[in-house]
Amino acid sequence: MTSVSQWFDELGLGLGRYAEAFAENHIDWDLMADLTDEDLKTLGIASLGHRKWLLKAIATPPESDAQATTSSAELIDGRDRPPDTAERRQWTVMFCDLVGSTALSERLDPEDLREVLRRYRDTCAKVIDRY
């Protein structure tokens, strides 16, 4: 596994300057997950942004050296921030108004209306699943 000081260097963003404070206070991987914002203040990390970046990075520890293929610094891709962990997805939302459904509900028995709507939804589901 990557050492704590190497990890700081890989994070970039100027966070490597805090590696010494972690070493002086005997903070290793076993203690990292227990760190709080207040702990980071105690370590002398005054910048709220740096504390947030560190807490975020601590929540996702580095892969083992055997598994690692790219460093955090490489993932930054020249920007002054770590990569987003979110994934952009496109959604298609379809709304269908059943024309005359109000009038139909006034004419049909509730059980009969339920059966008509069930058949309608089943038909829609088949078409949607096909595409």
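A brief structural summary. Quick caveat, the model's predicted, so the values are computed rather than measured. (Residues numbered from 1 in each chain as written. Predicted model: local features only at pLDDT ≥ 70, side-chain atom pairs only at ≥ 80, totals over all residues. Heavy atoms only, no water.)

Section: the overall build of the protein
Point 1. Each helix and strand in the protein was counted, giving eight helices and zero strands.
Point 2. Seen in sequence order, the protein has helices and strands lined up from the N terminus as α-α-α-α-α-α-α-α.
Point 3. Relative to its full complement of 131 residues, the protein shows a buried share of 21%.
Point 4. Relative to all contacts within the protein whose residues are 6 or more apart in sequence, the contacts with residues 24 or more apart total 52%.
Point 5. Summed over all atoms, the accessible surface of the protein reaches about 10,200 Å², with 51% contributed by carbon and sulfur. (Helix = DSSP H or I, 4+ residues; strand = E, 2+ residues; numbered from the N terminus. Buried < 20%, exposed > 50% of the residue type's maximum accessible area, 1.4 Å probe, protein only. Contact = heavy atoms within 4.5 Å. Areas by Shrake-Rupley, 256 points an atom, 1.4 Å probe, with all protein chains shown as cover.)

A word on the pattern of salt bridges
Point 1. In this structure the tally under the stated criterion is five salt bridges.
Point 2. Measuring nitrogen to oxygen at the nearest pair gives 2.7 Å for the salt bridge that ties Asp-37 to Arg-51. Taken together, the positions of Asp-37 in helix α4 (residues 37-42) and Arg-51 in helix α5 (residues 48-59) put the pair 14 residues apart, joining distant regions of the chain.
Point 3. A relative accessible area of 23% means that Asp-37 is categorised as partly exposed.
Point 4. What makes Arg-51 buried here is its relative accessible area of 7%. (Salt bridge = Lys/Arg side-chain N within 4 Å of Asp/Glu carboxyl O.)

Some words on α5
Point 1. Its twelve residues give α5 an end-to-end C-alpha distance of 17 Å, which sits within 8% of 16 Å, the value for a rise of 1.5 Å per residue.
Point 2. What α5 keeps buried is the set His-50, Arg-51, Leu-54, Ala-57 and Ile-58. One side of α5 holds all its buried residues, which, seen down the axis, span an arc of 130 degrees.
Point 3. In the core, the buried residues of α5 are packed alongside α1 (4-11), α3 (29-32) and α4. (Expected span 1.5 Å × (residues − 1). Arc of directions from axis to C-beta.)

Remarks on the nonpolar core
Point 1. Ranked by size, the top nonpolar core spans 17 residues in total, and within it Trp-7, Phe-8, Phe-22, Met-32, Leu-35, Leu-40 and Leu-54 carry the most contacts.
Point 2. Put simply, the parts of the chain that give this core at least two residues each are α1, α2 (19-24) and α5.
Point 3. Residue contacts for Phe-8: discarding those within four places in its chain leaves Leu-15, Gly-16, Tyr-18, Ala-19, Phe-22 and Leu-54. (Core = buried A, V, L, I, M, F, W, Y, C linked by side-chain atoms within 4.5 Å.)

Observations concerning the environment of Phe-22
Point 1. The topology assignment puts Phe-22 in helix α2.
Point 2. The class of Phe-22 is buried, set by a relative accessible area of 0%.
Point 3. Sequence separation between Phe-22 and Phe-8 is 14 residues, and the spatial gap between their C-alpha atoms is 10.0 Å.
Point 4. Those residues within four positions of Phe-22 in sequence are excluded, and the remaining contacts are Val-4, Phe-8, Ile-27, Met-32, Leu-35, Leu-40, Leu-43 and Ile-45.

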